[in-house]
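Spelled out from the first residue to the last, the chains are:
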Amino acid sequence: MHYKLLGKTGLRVSEIALGGMTFGRETDKNETFRVLDTFIAAGGNFVDTADIYNQGISETFIGEWLTLHPGRDDYVIATKVLGRMGKNPNDTGLSAKHLLSACEHSLRRLGTDYIDLYQIHGGDWDTPWEETLQTLDRLVQRGWVRYIGCSNLAAWQLMKALSVSEQNRWQRFVTLQPQYSLVHREVDRELLPLCRAEGVGVIPWSPLGGGFLTGRFHAQTPPPANTRIAGANPEMEESLAHRATDANWRTLDVVETIAHRRGKTIAQVSLRWLMQKEGITAPIVGVRNHMQLQENLGAVGWELTDEEWQELDTISRLPLTYPHTWAYRHEGRNRM
């Protein structure tokens, strides 16, 4: 397992992060512990969760695992805040009241006295950035949090937040956690160039397109039952209506060809493309059991050739839109 710096920090994290969204839902406590053991044994040190994942159960499971594994400093624990955690009208959002309370509750569930990376799970239209960022800065000053990050923001929101932090000399976001994969590349347009320019680390969620890039889905065939895509609402990005496009089937064909040639699985090739992309720190893999994790860990320890990587990048690339079309015509630049 290789390690990368997390944005403009000196913190080193494993090139794959383990996501905890399934913990306490599809994955019971015993299997959660087995997944965590497998991940750590493979050299992983970066675990991501959120307070809202199964209403705190994911954090609780991770916390109970940590108590059985001395050496808290060996692990980089990330969690997120935003979603509703109770019936109180203030048990949601990014207000000072909710952030302070939510962080304290996450610390208690995780059984630790600090969180390595505390991320906002999205934006909050009702709370000024100044209130949110000043409170996050206070959490760092208190020692409850080491670094702060964000998820699911638009480029203008991220730039606004970075600017407010800089103006007030507060802690700035060191990471962005967006949805990103070979079949979901919208962040190429604005967010990835911004993160490269500002030194923000990128830790993508759903790097396998909600399971589409696992080899279980085929054109003209209904999705397998009990899969994330089969159960997704039609308006969700991971639904079959959004995933089963001609462009995505063409991408999947290329992934499958390269996987067969290299003796790898479709999931491993898909993760490897992401791991070799400029600006990406670590894709977050979510699994239901340790067998799925072992397959994903097969993306470690080898590389796509430049030609293979470029073939995947080209087949999955988004069409240019304005103002990128103008820049390409007049300057010959295309960083997507």
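All of these numbers come straight from a predicted model, not from anything done at the bench.

> Help me understand empty space enclosed by the protein, please; the structure alone is not making it clear to me.
A probe matching the size of a water molecule, rolled over the atoms, marks out where space remains unfilled. Evaluated as defined, the whole model comprises one cavity of 30 Å³ or more. The space that makes up the largest cavity amounts to roughly 30 Å³. For the largest cavity, the full set of lining residues is Leu192, Cys195, Arg196, Val200, Val202, Glu278 and Gly279. Examining the composition of the lining of the largest cavity, we find that three residues originate from one element, helix 6 (residues 191-198), more than from any other. When grouped by side-chain class, the residues that make up the lining of the largest cavity number four nonpolar, one polar and two charged.

> When you look at unusual backbone geometry in this model, what are you seeing that I'm missing?
Glycine aside, negative phi is the norm for most residues, and most peptide bonds take the trans geometry. In this structure, the amide linkage connecting Tyr322 to the following residue, Pro323, adopts the cis form with an omega of 5°. Relative to the elements of secondary structure, Pro323 occurs in the loop between helix 11 (306-316) and helix 12 (324-331). Phi angles above zero are rare outside glycine, and Asn54 is one such case at about 60°. The topology assignment puts Asn54 in the loop between strand 4 (46-48) and helix 2 (57-67). In this structure Asn54 comes out as buried when scored by relative accessible area, which is 19%. Unusually for a residue other than glycine, Arg169 sits at a positive phi of about 55°. As for its placement among the helices and strands, Arg169 is situated in the loop between helix 5 (155-168) and strand 8 (173-177). Exposure remark for Arg169: the relative accessible area of 78% places this residue in the exposed category.

Definitions and limits used
- One numbering rule holds for all chains: residues counted from 1, following each sequence as written.
- Owing to the predicted nature of the model, reporting of local features is limited to residues with pLDDT of at least 70; listing and counting of side-chain atom pairs is limited to 80 or more, with chain, interface and lining totals taken over all residues.
- Hydrogens and water molecules were not included; the side-chain quantities draw on all heavy atoms of the structure.
- The definitions used throughout rest on a 1 Å grid laid over the protein atoms alone, on which a cavity is an enclosed set of points accommodating a 1.4 Å probe that cannot get out and a pocket is an open set flanked by protein within 12 Å on both sides along at least five of seven lines; lining residues are those having an atom within 4 Å of a point.
- Grid points are joined across faces, edges and corners, and a volume is the space filled by probe spheres set on the points.
- Put simply, DSSP marks the helices as runs of H or I at least four residues long and the strands as runs of E at least two long, and each gets a number from the N terminus on.
- Classification convention: Asp, Glu, Lys, Arg as charged; Ala, Val, Leu, Ile, Met, Phe, Trp, Tyr, Cys, Pro as nonpolar; all other residues, Gly among them, as polar.
- Exposure categories follow from relative accessible area, calculated using a 1.4 Å probe and restricted to protein chains: below 20% of the type maximum is buried, above 50% is exposed, and the middle band is partly exposed.

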